[in-house]
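Chain by chain, the residues run as shown.
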Amino acid sequence: MPSENRPLLEVEGVRKEFQVESRGEKARLRAVDGVSLHLAHGETLGIVGESGCGKSTLARMVVGLERPTDGRILTEGGDIWAPGKAGRTRRASFQMVFQNPSGSMNPRRSVGASVAEPLRARDGSKTRQAVAAMLERVGLNPDFAARRPHQLSGGQQQRASIARALISNPSLVVHDESIASLDISLQAQILNLLLDLQQEMGTSYLFISHDLAAVQMISHRIVVMYLGEVVEATTVEEFSRQPLHPYSVSLRSATLVADPKRERNRPHVLLKGDVPSPLDPPSGCRFHTRCPLAVDICAREKPQLRKIGNAHMVACHFPERTPTITEAVPGPRGTGANATETA
Amino acid sequence: MRRAAAIRPETLACDGTDQLSDIPVLRVEDLVTRFGPPGKGLIAVDHVSFSVRRGETLGLVGESGSGKSATAMSLLRLVGRPGHIEGGRVVLNGVDILPLSQDDIRKRRGTEYGMVFQNPMTALNPVFSIGWQMGEALKAHGRSHGREKIIENALRDVGMPDPHRQARSFPHQMSGGMRQRVVIAMGLINEPQLLIADEPTTALDVTIQAQVLELMKNLTRDKGAALLLITHNMGVIARMCDRVAVMYAGEIVEEAPVDEIFENARHPYTRGLLRSVPDGARPREKMPTLPGEPPDMSQPQTGCRFRPRCAFADERCATHPDLLEIGNGHKSRCWPAQAGEAFDTAGNRSETANAV
Amino acid sequence: MARLILKRLMGAVFVLLAVSALVFAMGSLIPGDLTSVIVGQEGATDEQFAEVRRRLGLDRPLPVRYVSWLGNALTGDFGTSPITGRAIASDLAQQIPVSLELATLTLVFSTILGLPAGILAAVHANRRLDFIVRGILLFTFSVPIFVIGILLLLVGSRYFPGMFQVSYVPWSEDPMLHIRSMIMPLLTIAFPITAMTMQMVRGAMLEVLHEPFITTARAGGVRERRVEYLHALRSALPPIVTFIGFQFGILLGGLIVVEQIFSLPGLGRGMLDAINTRDYPMVTATALVFAFAFVAINVIVDLLYPLLDPRQR
């Protein structure tokens with residue numbers, strides 16, 4: 001039974017497999033493999049990871065664009081794939097903002113018409129008022145409603161996409177790399193806008209990005225994904241204090257700081273090689289092929305996502321060793337710029 | 001050392017002579033590149049001047065449309081139609097390359113400066129093996145002797161495992177990071193003294209970006225090559241560069257040593273750009289940002305081009321400022337900066353007030 | 001690779017079966033069947049109709065007729081035409097070489113001319129040479145084939161009577177006369193096809209010339225000629241080869257007008273005659289030949305693709 005006490009979003013053991021063809025052979029690609037997470041009302045959950053980690057597939061499943069192969073996605077306790085109207089309504093209650101604003105708006109329709117799309121009842125003057133108000137709220141001139149998407153700049157288009165996502169007052173907006181194609185100064189503008197809008201409207205965000213700094217800036221909690229799995233989940237404060245998964249540490253180390261002195265003095269973790277193919281993920285801990293701390297057991301046994309301290313989940317056999325990773329840098333492993341196999 | 005062996009003796013000899021080391025590898029003076037017919041169209045590169053010294057890394061930073069990529073293509077004289085270089089000088093190792101014949105400039109491409117492009121997925125020809133493509137770069141400059149060995153060494157230098165086998169593989173068989181290593185190997189295969197890299201890591205994952213940056217840093221250092229690094233990423237600048245030139249609306253608006261730029265930026269645009277970089281250490285705090293968007297370059301510009309977005313603009317800014325030296329190696333195209341005024345207190349307030 | 005070939009061949013067989021069933025069904029189901037053609041519309045009794053139907057096997061159910069027709073067709077026996085009284089297979093055997101020859105010649109001509117023209121136009125895109133090349137070829141393209149053909153016929157027979165042979169002469173009779181009889185049809189059809197090839201090559205080349213990897217080659221100091229004629233052309237080849245392959249398929253069946261104007265006894269003309277005389281067995285058989293040609297071309301192009309594009313291997 002849906003209720004206010006249940007979290008807005010619960011993802012329970014979700015898996016997504018795709019049938020793909022690789023060198024003429026059929027193969028199964030596990031884009032997302034057993035992911036569980038939850039999101040409260042008014043909260044922002046950031047999901048960070050590199051290409052192939054399954055974050056976009058997860059986003060598409062949450063808004064109902066893809067159906068999970070396995071597992072459940074619940075909103076306030078109700079399955080979004082429940083049969084009939086219940087499921088349809090739940091799926092329609094989430095909105096999404098995509099990476100490419102120009103590609104996600106119909107070029108032949110006016111911006112206003114695109115923004116009004118999620119509104120069910122399209123009562124002429126009321127809709128126009130709602131669109132104008134929403135455009136103003138995202139920092140656009142209401143007159144833009146009459147324009148075509150191509151007459152707007154990239155930043156303005158993304159603002160319009162945000163207006164479209166928010167106009168039906170959804171409980172959750174999923175951002176899939178929504179700032180990735182924007183210039184830095186525009187990224188900052190949009191991040192600020194999202195914070196403001198969340199305060200005004202109480203919307204929850206699932207903010208998916210490859211940019212750790214942006215995720216840390218906007219999120220309450222953060223989830224790190226690697227090859228279809230969650231490797232770490234914690235609050236942003238806890239994460240910036242001490243990430244506990246070696247991959248999270250490497251990711252943070254690789255995220256460059258706009259300060260040459262700090263950049264020169266802070267330790268850098270260079271990971272070996274590329275992300276392995278999700279078609280053939282490594283045994284045991286999926287990160288062990290690149291992990292500077294990996295030992296035998298990591299290749300054999302898959303570490304479970306377990307709780308460490310208060311509200312800190314990590315999937316690593318030796319999270320207590322993780323902080324030593326930066327000290328390991330000068331060693332033969334850490335300097336491994338010489339990559340291993342190609343994909 | 002393998003790397004040292006890859007350097008040709010004559011290159012070493014050149015580095016040894018004193019008179020050459022005084023001449024910058026590259027000196028650009030008043031470069032103007034226009035897209036469209038003369039007098040009309042869009043000036044993408046507007047009287048840009050800078051120089052890159054031997055072994056130095058100069059960062060050219062700016063947002064999309066600032067003209068930084070058009071600058072790179074102009075340096076190679078590879079601006080595609082309807083773009084064309086309208087004026088200025090591009091002095092490469094002491095020779096102005098703009099008046100040179102097509103064949104003269106071709107001979108310099110690859111040997112005097114190499115290029116690394118943004119997207120490794122499209123920068124390599126999909127129908128040829130990477131070894132063949134690298135061989136083309138060698139053949140173009142008459143280096144056919146021991147070609148296979150040179151290619152294998154170049155691939156080994158960029159950290160490719162099993163270079164003998166990799167030379168026979170095709171780009172689609174490699175990951176993005178590996179392809180970018182190949183592109184770098186190609187850019188350096190004829191041992192240029194300058195490598196121009198246009199957003200070399202923008203298309204890569206961050207952990208791969210870290211590898212590729214490290215590689216470029218080591219390779220250019222080992223080979224004594226200078227690096228012109230074009231990027232929008234302030235973190236990449238901080239990690240890699242010795243000096244920085246900031247571009248806005250087709251012009252360089254500020255130039256300074258890297259520490260100076262980050263600690264004491266003397267152009268409001270640079271300051272705004274630096275503040276716009278999210279900092280993981282301050283979660284859920286609004287950032288002071290730059291309001292507005294860059295000007296439409298197809299329209300004629302008057303006065304300071306940053307004026308409409310600037311919190312410090314006053315009546316002086318209606319006149320177009322020049323890029324002037326304001327301190328030790330620090331140049332700024334800003335009237336208040338040139339007058340020695342500080343960008344704080346009152347400014348800070350309005351800068352923050354601009355936050356959307 | 002062997003698997004790929006097998007897969008493609010099996011697909012081709014399936015398509016051919018489907019096409020043959022469709023063609024056969026259409027030939028059998030359209031109103032006014034063969035019987036009325038043979039017996040004649042007036043004055044024939046029902047018994048006569050029934051007798052003819054029995055003789056032709058038309059009284060059996062459609063699937064049964066299809067299977068027996070297919071069985072015969074597989075052995076190369078398409079039956080006898082009720083109109084001409086000749087074996088259909090032997091008619092086709094005479095028509096196929098004529099059309100095949102004209103289509104091949106056209107293709108060779110259009111490729112030899114169109115490929116360099118397209119490359120030239122692309123390399124000089126939006127400059128004078130491009131406009132000239134495109135202008136000439138698009139002019140020939142915009143004039144309908146029958147106009148060109150008839151013009152050639154008039155001009156040729158009036159001013160160069162010795163050069164062209166207007167009526168068809170088989171190679172076996174007189175090779176010189178045969179060649180002269182093929183020149184005019186070739187010229188008629190080849191120009192529009194050349195224009196198509198040119199336009200296609202130009203487009204494919206232009207697309208490749210804007211690819212970043214072309215800039216990579218230039219930035220490495222590779223000579224411009226080599227960039228254009230080796231790097232770019234080689235990369236543009238897969239779509240070009242596909243296009244030329246399909247042109248061949250279209251040409252085989254699309255020669256109706258030319259064959260009609262110049263009285264060439266090819267497949268197109270044969271088809272037209274068969275339709276006019278309601279010679280359904282002939283129509284069905286010819287349609288099957290067209291389908292076979294298309295499918296065969298398709299398979300060849302499919303199998304060529306991995307050779308041209310390593311990504312497809």
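Just so it is clear, the model here is predicted, and its values are computed rather than measured.

J.: Could you give me a rundown of the overall build of chain B, with the residues and numbers involved?
T.: What chain B contains, in helices and strands, is 15 helices and twelve strands. For 356 residues, the compact-globule estimate of 2.2 N^0.38 gives 21 Å, and the C-alpha radius of gyration of chain B, at 21 Å, lies within 12% of that figure. Dimensions of chain B, computed from the C-alpha atoms along their principal axes, are close to 65 × 50 × 40 Å. Residues classed as buried in chain B amount to 57% of the 356 residues present. In chain B, once contacts between residues fewer than 6 apart in sequence are set aside, the share between residues at least 24 apart is 66%. Roughly 13,400 Å² of accessible area belongs to chain B as shown, and the carbon and sulfur atoms make up 51% of that amount.

J.: Hey, could you go over the overall build of chain A for me, with residue numbers and the actual values?
T.: Along chain A, the regular secondary structure elements total eleven helices and twelve strands. The C-alpha radius of gyration of chain A comes to 21 Å, within 12% of the 20 Å expected for a compact globule of 343 residues. Looking at chain A residue by residue over its 343 residues, the buried ones come to 56%. Pairs at least 24 apart in sequence give 63% of the contacts found in chain A among residues at least 6 apart. As displayed, chain A has an accessible area near 14,500 Å², and 48% of this comes from carbon and sulfur atoms.

J.: Can you tell me about the pairing of strand β6 (residues 113–116) of chain B, naming the residues and giving the values?
T.: All names here are of chain B. Burial along β6 is two-sided: Tyr113 and Met115 and Gly114 and Val116, pointing in opposite directions, are all buried. As judged from the four bridges shared by β6 and strand β7 (residues 194–198), these two strands associate in the parallel manner. In the sheet register, Met115 faces β7, and the bridge partner there is Ile196.

J.: An account of the sheet that holds strand β2 (residues 42–52) of chain B is requested, with residue identities and associated values reported.
T.: Taken in spatial order, the four strands make up an open sheet running β2-β1-β4-β5 (chain B), and their pairing is antiparallel. Both outer strands of the open sheet, β2 and β5 (95–96) of chain B, are each paired with one neighbouring strand and no more.

J.: Could you give an account of the domain arrangement of chain B, naming the residues involved and the relevant values?
T.: All names here are of chain B. According to the domain assignment, chain B consists of domain 1 (2–248) and domain 2 (253–355). The straight-line distance from the C-alpha centre of domain 1 to that of domain 2 is 29 Å. Taken residue by residue, the interface counts 19 residues in domain 1 and 22 residues in domain 2. Here domain 1 packs against domain 2, burying approximately 1,800 Å² in sum over the two surfaces, 61% of which is carbon and sulfur. Considering only the surface of domain 1 that becomes buried against domain 2, Met234, Val246 and Tyr248 emerge as the three largest contributors, covering 43% of it. Notably, a salt bridge pairs Asp46 with Arg305, separated by 2.7 Å at the nearest N-O pair. Run the count over domain 1 and domain 2 and you get eight residue pairs in polar contact (both at pLDDT 80 or more). Those elements that provide at least two residues to the side of domain 1 that touches domain 2 are β2, α11 (234–240) and β9 (243–248).

J.: Would you mind going over the packing of aromatic side chains in detail, with residue names and values included?
T.: All names here are of chain B. Here the structure, examined in full by the defined rule, presents twelve aromatic pairs over all chains. When the centroid spacing of 5.2 Å and the interplanar angle of 90 degrees are considered together, the rings of Tyr248 and Phe306 count as edge-to-face. Taken together, the positions of Tyr248 in strand β9 and Phe306 in the loop between α13 (268–275) and β11 (324–327) put the pair 58 residues apart, joining distant regions of the chain. For Phe306, a relative accessible area of 2% puts it in the buried group. A ring pair is formed by Tyr269 and Phe306, whose centres lie 5.5 Å apart and whose planes are at 70 degrees; its orientation type is edge-to-face. A residue pair is termed long-range when its members are at least 10 positions apart, and Tyr269 in helix α13 and Phe306 in the loop between α13 and β11 qualify at 37 residues. When its relative accessible area of 1% is taken as the criterion, Tyr269 is described as buried.

J.: If you had to explain the interface of chain B and chain A to someone new, which residues and values would you point to?
T.: With 49 residues of chain B at the interface, the matching set in chain A holds 55 residues. Across the chain B-chain A interface, the total number found is three salt bridges. A salt bridge links Arg264 of chain A to Asp259 of chain B; the nearest nitrogen and oxygen atoms lie 2.7 Å apart. Inspection of the region where chain B meets chain A yields 23 residue pairs in polar contact (both at pLDDT 80 or more). No other element matches helix α10 (residues 206–223) of chain B, which puts eight residues into the side of chain B that touches chain A.

J.: How would you explain a nonpolar patch on the surface if you had to name every residue and give the values?
T.: Residues and elements named next belong to chain C. On the surface, a cluster of nonpolar side chains totalling about 840 Å² of accessible area is made up of Phe146, Val147, Ile150, Leu151, Leu154, Val155, Tyr159, Phe160 and Val257. Counting residues per element, the nonpolar patch draws most heavily on helix α7 (residues 145–159), which supplies seven residues. Note that Val147 resides in helix α7.

J.: Now, about the pattern of salt bridges: what can you tell me, with residues and values included?
T.: For the structure shown, the criterion picks out 52 salt bridges over all chains. We note a salt bridge from Arg53 of chain B to Glu56 of chain B, for which the minimum N-O separation is 3.5 Å. Residue Arg165 of chain B pairs with Asp162 of chain B through a salt bridge whose shortest N-O separation is 2.9 Å. On the basis of relative accessibility, which here comes to 43%, the residue Arg165 of chain B falls in the partly exposed class. Among the ionic contacts, a cluster of salt bridges with common partners joins Arg15, Glu17, Arg28, Arg30, Asp33, Asp70, Glu229, Arg286 and Lys302 of chain A.

J.: Got a sec to walk through the sheet that holds β9 of chain B? Specific residues and values, please.
T.: All names here are of chain B. Across the sheet, eight strands lie side by side as β6-β7-β8-β3-β9-β10-β12-β11; this open sheet has mixed pairing. Two strands in the sheet have a free side with no partner beyond their single neighbour: β6 and β11. Here the average twist between neighbouring strands, direction ignored, is 20 degrees. Contacts between helix α4 (residues 68–75) and the sheet are confined to β3 (57–61), β6, β7, β8 (226–231) and β9, with β8 contributing the most and set at about 145 degrees to the helix.

J.: An account of the packing of helix α9 (residues 246–254) of chain A against α10 of chain B is needed here, citing residue identities and associated values.
T.: The axes of two packed helices give the description: the angle between them and the distance between them. Viewed as axis vectors pointing N to C, α9 of chain A and α10 of chain B meet at an angle of 55 degrees, and their least axial separation amounts to 8 Å. Of the possible angle classes, the one that applies to α9 of chain A and α10 of chain B is oblique. Here α9 of chain A and α10 of chain B pass one another in a crossing that is left-handed. Across the interface between the two elements, Tyr247, Leu251 and Ala254 of chain A of α9 of chain A pack against Val206, Thr207, Gln209 and Ala210 of chain B of α10 of chain B. Taken together, the residues that form the contact of α9 of chain A with α10 of chain B break down as five nonpolar, two polar and no charged.

J.: Lay out the side chain of Glu177 of chain A in plain terms, naming residues and giving numbers.
T.: Within the secondary structure layout, Glu177 of chain A lies in the loop between β7 (172–176) and α6 (184–201). Filtering out sequence-adjacent residues up to four positions away, Glu177 of chain A remains in contact with Lys55, Gln99, Ile208, Ser209 and His210 of chain A.

J.: With reference to specific residues and values, describe the packing of helix α12 (residues 267–276) of chain C against helix α13 (residues 280–308) of chain C.
T.: All names here are of chain C. α13 packs onto α12 with a crossing angle of 150 degrees between their chain directions and a minimal axis gap of 9 Å. Considered as vectors, α12 and α13 are oriented roughly antiparallel to each other. Handedness of the α12/α13 crossing: left-handed. Mapping the contact onto sequence places Leu267, Met271, Ala274 and Ile275 in α12 and Met282, Val283, Thr286, Ala287, Val289 and Phe290 in α13. Taken together, the residues of the contact of α12 with α13 break down into nine nonpolar, one polar and no charged.

J.: Could you give an account of the nonpolar core, with specific residues and numbers?
T.: Counting residues in hydrophobic clusters, the biggest one holds 101 residues, and the most contacted among them are Leu26, Phe50, Leu194 and Leu228 of chain B. Tallying contributions element by element places helix α9 (residues 176–188) of chain B first for this core, with seven residues. Leave out the neighbours within four places in its chain, and Leu194 of chain B touches Val25, Leu26, Val52, Leu92, Glu112, Tyr113, Gly114, Ala225, Ala226, Leu227 and Leu228 of chain B. Ranked by size, the runner-up nonpolar core spans 66 residues in total, among them Ala145, Ile162, Val231 and Cys298 of chain A.

J.: How would you sum up the confidence of the model for chain A? Please name residues and give values.
T.: The predicted structure's coordinates, where accompanied by low pLDDT, should not be read in detail. Chain-level pLDDT for chain A is 87 on average; 92% of the residues reach the 70-or-more range. Throughout residues 328–343 of chain A the model reports pLDDT below 50, and contacts reaching past four residues in sequence, or to other chains, amount to 31 contacts.

Criteria and thresholds
- Residues numbered from 1 in each chain as written.
- Chains lettered and ligands numbered in written order.
- Predicted model: local features only at pLDDT ≥ 70, side-chain atom pairs only at ≥ 80, totals over all residues.
- Heavy atoms only, no water.
- Helix = DSSP H or I, 4+ residues; strand = E, 2+ residues; numbered from the N terminus.
- Rg over C-alpha atoms; globule rule 2.2 N^0.38 Å.
- Buried < 20%, exposed > 50% of the residue type's maximum accessible area, 1.4 Å probe, protein only.
- Contact = heavy atoms within 4.5 Å.
- Areas by Shrake-Rupley, 256 points an atom, 1.4 Å probe, with all protein chains shown as cover.
- Pairing = 2+ DSSP bridges.
- Domains from an automatic or database assignment.
- Buried area = accessible area lost by both parts, 1.4 Å probe.
- Salt bridge = Lys/Arg side-chain N within 4 Å of Asp/Glu carboxyl O.
- Polar contact = N/O pair within 3.5 Å; in protein donor to acceptor, adjacent residues only side chain to side chain.
- Phe/Tyr/Trp six-rings, centres within 6.5 Å; stacked < 30°, edge-to-face > 60°.
- Patch = residues over 30% accessible without salt bridge, like charges linked within 9 Å, V, L, I, M, F, W, Y side chains within 5 Å.
- Axes fitted to C-alpha atoms, helices over the stretch in contact; angles between N-to-C directions.
- Parallel < 35°, antiparallel > 145°, perpendicular 65-115°, else oblique.
- Left-handed = near helix turned anticlockwise from the far one by under 90°.
- Nonpolar A, V, L, I, M, F, W, Y, C, P; charged D, E, K, R; others polar.
- Core = buried A, V, L, I, M, F, W, Y, C linked by side-chain atoms within 4.5 Å.
- pLDDT = per-residue confidence, 0-100.

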